[in-house]
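Residue-level structure breakdown
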Amino acid sequence: MIDSVMLCQGRSGNWHSHLAAPSFCRSSLTFFEKMSRCIWILSILSSWLCMSETTAQYTPDWKSLDSRPLPKWYDEAKVGIFVHWGVFSVPGFGSEWFWWNWQGGKDPALVSFMEKNYPPGFTYPDFAPDFRATFFDPNEWAALFESAGAKYVVLTTKHHEGFTNWGSPFSWNWNSVDTGPHMDLTGELMDAIRNKSLHYGVYNSLYEWFNPMYLSDKKNGFKTQEFPHNKLLPELYNLVVRYKPDLIWSDGDWEAPDTYWNSTEFLAWLYNESPVKDVVVTNDRWGAGCACKHGGYFNCADKFTPGTLPTHKWEKCQSVDTHSWGYRRNMRLHELMNLPAIIQDLVETVALGGNYLLNVGPTPDGMIPAVFQDRLTGMGEWLKVNGEAIYASKPWRVQNETATLPVWYTSKDSSVYAIIIGKPTEYMFQLTTPKTTDKMVVTMLGVSAVLRWSPSHPTGLTVLLPEIPDSPGRAWTLKLQGAS
């Protein structure tokens with residue numbers, strides 16, 4: 001149980017010179033201001049901790065939570081955009097793990113980078129004032145994501161550095177309202193995304209590399225819970241109540257068990273009592289050992305590909321920049337996924353029943369690099385033609401074949417879609433898996449003419465292809481209406 005004294009007391013120790021106790025605990029506040037804020041926190045927490053057993057549909061245990069049906073919108077969406085944006089975008093070197101790799105792991109390349117480019121005594125929080133988001137236009141971002149064919153967007157609202165992209169009352173002076181942009185980045189983007197009728201999700205790291213409360217709990221073998229009680233859970237509730245996200249992408253769970261994070265209690269509140277209880281989707285990163293085992297859908301691991309059709313809904317998170325999720329000033333063109341690779345990855349993921357979450361890392365000024373824009377708009381152009389085979393599709397009885405070129409299958413209603421990876425060099429194209437019927441109609445998405453075909457035995461068919469239209473994505477879709 002979270003103690004009101006714990007919630008209202010000041011923090012022991014400071015993060016660094018830029019951080020102090022949470023704003024609701026600062027001595028400059030009056031007694032009544034402190035109490036009113038604490039009462040607000042306790043009222044939210046009590047709605048979770050004191051739920052009536054007679055009204056709660058889901059109890060705080062994995063057997064119950066895992067029985068919750070996944071909201072339909074998520075499986076039908078198929079394509080999302082991931083956005084990694086934070087103070088780590090300012091050094092823009094190495095990856096979004098810059099702070100840890102510099103001061104935790106003592107990476108020689110990062111240590112040398114800092115020694116050569118910044119004065120002695122420069123600290124990671126000193127980067128924050130340069131996280132300005134000067135050119136951030138949330139409506140422009142939303143339009144780009146819509147043109148990419150995405151149906152949902154997931155913003156990094158707090159990475160492992162602990163900096164929040166909204167004015168969290170539990171992250172005083174280490175958030176985008178108190179410093180840097182002086183803007184509610186989470187709220188600004190939320191409004192723009194929802195104006196495009198896209199679903200909005202939030203990424204939230206459970207742990208924070210250098211938070212003294214977390215480090216104290218870690219030193220105690222996670223037998224104490226000062227960090228989740230005083231920081232993580234109140235902040236996570238604030239995020240949900242304020243922004244009502246359709247998706248929570250949890251991360252940073254691997255060092256401690258779910259019992260330390262109080263994950264099942266939070267999820268029971270989320271599914272039973274929260275303002276998004278009927279629509280919200282969650283992933284599987286809620287404690288050490290939970291990945292690929294518990295949660296709404298499975299990520300399993302970054303860039304995970306199962307190889308065969310899983311029995312549980314899953315998502316592949318992939319980054320255009322193969323070396324980082326956050327912005328890198330030193331990225332090279334050969335380190336980025338090209339459009340054909342993205343389309344092939346998307347198609348394979350959807351054919352295996354997954355969703356595809358493609359990541360970009362904006363600059364600290366709030367610009368999405370032109371090369372990332374190129375990849376997103378290219379994906380969108382391909383989906384304009386071939387999206388019928390992707391959105392709201394289901395895995396078919398066979399996921400792929402390689403008789404001629406790689407072919408991945410999806411299905412919807414009475415149609416089977418054969419997505420060909422690579423441009424056929426001959427007009428006669430063979431599929432070995434579909435079972436044909438006399439009434440089957442074959443077309444190519446993006447081409448109006450009905451295609452001629454002949455059956456093979458015992459299964460399969462040979463299709464006479466049309467003049468194949470150009471596709472920068474290097475993938476074309478045959479639609480088989482009436483195949484089995």
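Residues numbered from 1 in each chain as written. Predicted model: local features only at pLDDT ≥ 70, side-chain atom pairs only at ≥ 80, totals over all residues. Heavy atoms only, no water.

Every buried residue of helix H9 (residues 212–219) is listed here: Met213, Tyr214 and Asp217. Viewed end-on, H9 has its buried residues packed into an arc of 100°, placing them on one side of the element. Buried-residue contacts for H9 involve helix H10 (226–243) and helix H11 (258–261). Gly221 sits one or two residues past H9 and shows a positive phi near 70°. (Buried < 20%, exposed > 50% of the residue type's maximum accessible area, 1.4 Å probe, protein only. Helix = DSSP H or I, 4+ residues; strand = E, 2+ residues; numbered from the N terminus. Arc of directions from axis to C-beta. Contact = heavy atoms within 4.5 Å.)

Another point: the confidence of the model for the protein chain. In this model, the protein chain carries a mean pLDDT of 91, and residues with pLDDT of at least 70 account for 88%. This stretch, residues 1–37, has a pLDDT under 50; its non-local contacts, to residues over four places away or in other chains, come to 73 contacts. Overall, residues 50–54 carries pLDDT values under 50, and its contacts beyond four positions in sequence, including any with other chains, amount to five contacts. (pLDDT = per-residue confidence, 0-100.)

Among the secondary structure elements, Tyr417 is positioned in strand S10 (residues 415–421). Note: C-alpha distance between Tyr417 and Ala351 (66 residues apart in sequence) is 9.8 Å. Once residues within four sequence positions are removed from consideration, Tyr417 is found in contact with Glu388, Ala389, Trp408, Tyr409, Thr410, Ser411, Lys412, Leu445, Thr477, Leu478 and Lys479. Here the side chain of Tyr417 touches Glu388 through a polar contact of 2.7 Å, side chain to side chain. (Polar contact = N/O pair within 3.5 Å; in protein donor to acceptor, adjacent residues only side chain to side chain.)

This next bit is on the side chain of Asp345. Considering the arrangement of structural elements, one finds Asp345 in helix H13 (residues 339–351). Within the structure, the side chain of Asp345 is placed 2.7 Å from the side chain of Lys316, a separation counted as a polar contact. Here the side chain of Asp345 touches Tyr356 through a polar contact of 2.9 Å, side chain to side chain. Not counting residues up to four positions away in its chain, the partners in contact with Asp345 are Lys316, Gln318, Met337 and Tyr356.

A few words on the packing of H13 against helix H14 (residues 370–386). It is the contact of H13 with H14, at a shortest axis distance of 10 Å, that shows an interaxial angle of 55°. Comparing the axis directions of H13 and H14 gives the class oblique. For the crossing formed where H13 meets H14, the hand is right-handed. On H14, the residues that touch Leu339, Ile342, Ile343, Leu346 and Val347 of H13 are Arg375, Gly378, Met379 and Trp382. Residue composition of the contact of H13 with H14, grouped by class: seven nonpolar, one polar and one charged. (Axes fitted to C-alpha atoms, helices over the stretch in contact; angles between N-to-C directions. Parallel < 35°, antiparallel > 145°, perpendicular 65-115°, else oblique. Left-handed = near helix turned anticlockwise from the far one by under 90°. Nonpolar A, V, L, I, M, F, W, Y, C, P; charged D, E, K, R; others polar.)

The final tally for this structure, using the stated rule, is one disulfide. Put simply, Cys292 and Cys300 are joined by a disulfide, and their sulfur atoms are 1.9 Å apart. When the S-S torsion is 70°, as for the bridge of Cys292 with Cys300, the disulfide is right-handed. Owing to a relative accessible area of 39%, Cys292 belongs among the partly exposed residues under this scheme. Exposure remark for Cys300: the relative accessible area of 17% places this residue in the buried category. (Disulfide = S-S within 2.5 Å.)

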